[in-house]
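# Close look at the chain arrangement
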Amino acid sequence: MERRIRKNPSREECEKIIKRILVTEASERGCNEHFKHPSDFMSFFQSLYPPSDALTKQVQRAIKAMDMPRDERGYYIVNKTSKQLEEEKEIKHLLKAGAACVSDLSLSQPILLRANPSVRSYLTHLIASSSTFEGKFDTIIETNNGLIIYTQNKTELLSILNSILPH
């Protein structure tokens, strides 16, 4: 039985090859610095398949189907779609507008302040806005049993809480 050798790769095969090229480029250089246009991939494809208009069109279709966004310099970004990049831009805008920053809670210790459901939200608000508690905790989380307060100074926070808790 004679086996036919494919003249050109399928669009899916092209997508896999393009992704592999871009992942390699990003891992070796930190980012894509060579591929802006479908034609930039052609020398690689032409080293594997006979050059033809059909091969060029297949590579173009693959890139279009991959819906890869481009960075500010126009180079393709691998492993993200245009939609993901737009979402990231919106998140970045909101993080900037909200003066957001990351805090590592691995140094914080939790304290459970038991409280009835009827007062949890208001208690959270009062503690969060109180000058007595200012700078004494990292975050407060409402739970079904009360409030979990994460702090880097557990002794001081427990002292304050115990001094105002009814006995």
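All of the points below concern the structure found in this document. Model, not experiment: these values are computed from the prediction.

Inspection of the entire model under this criterion finds 7 salt bridges. Of the charged contacts in the structure, one is a salt bridge between Arg-29 and Glu-25, with a shortest N-O distance of 3.4 Å. Residue Arg-29 and its partner Glu-25 are located together in helix α1 (residues 11–29), separated by 4 residues, close to a single helical turn. Looking at Arg-29, the relative accessible area reads 45%, which means it is partly exposed. Here Glu-156 makes a salt bridge to Lys-136, at a shortest N to O gap of 3.6 Å. On the criterion of sequence distance, the pair formed by Glu-156 in helix α6 (residues 154–164) and Lys-136 in the loop between α5 (120–129) and β2 (139–142) is long-range, its members being 20 residues apart. The class of Glu-156 is partly exposed, set by a relative accessible area of 33%. Put simply, Arg-11, Glu-12 and Glu-15 are held in one network by salt bridges that share partners.

Rules used throughout
Residues numbered from 1 in each chain as written. Predicted model: local features only at pLDDT ≥ 70, side-chain atom pairs only at ≥ 80, totals over all residues. Heavy atoms only, no water. Salt bridge = Lys/Arg side-chain N within 4 Å of Asp/Glu carboxyl O. Helix = DSSP H or I, 4+ residues; strand = E, 2+ residues; numbered from the N terminus. Buried < 20%, exposed > 50% of the residue type's maximum accessible area, 1.4 Å probe, protein only.

The quantities given are spatial measurements derived from coordinates; they are silent on function.
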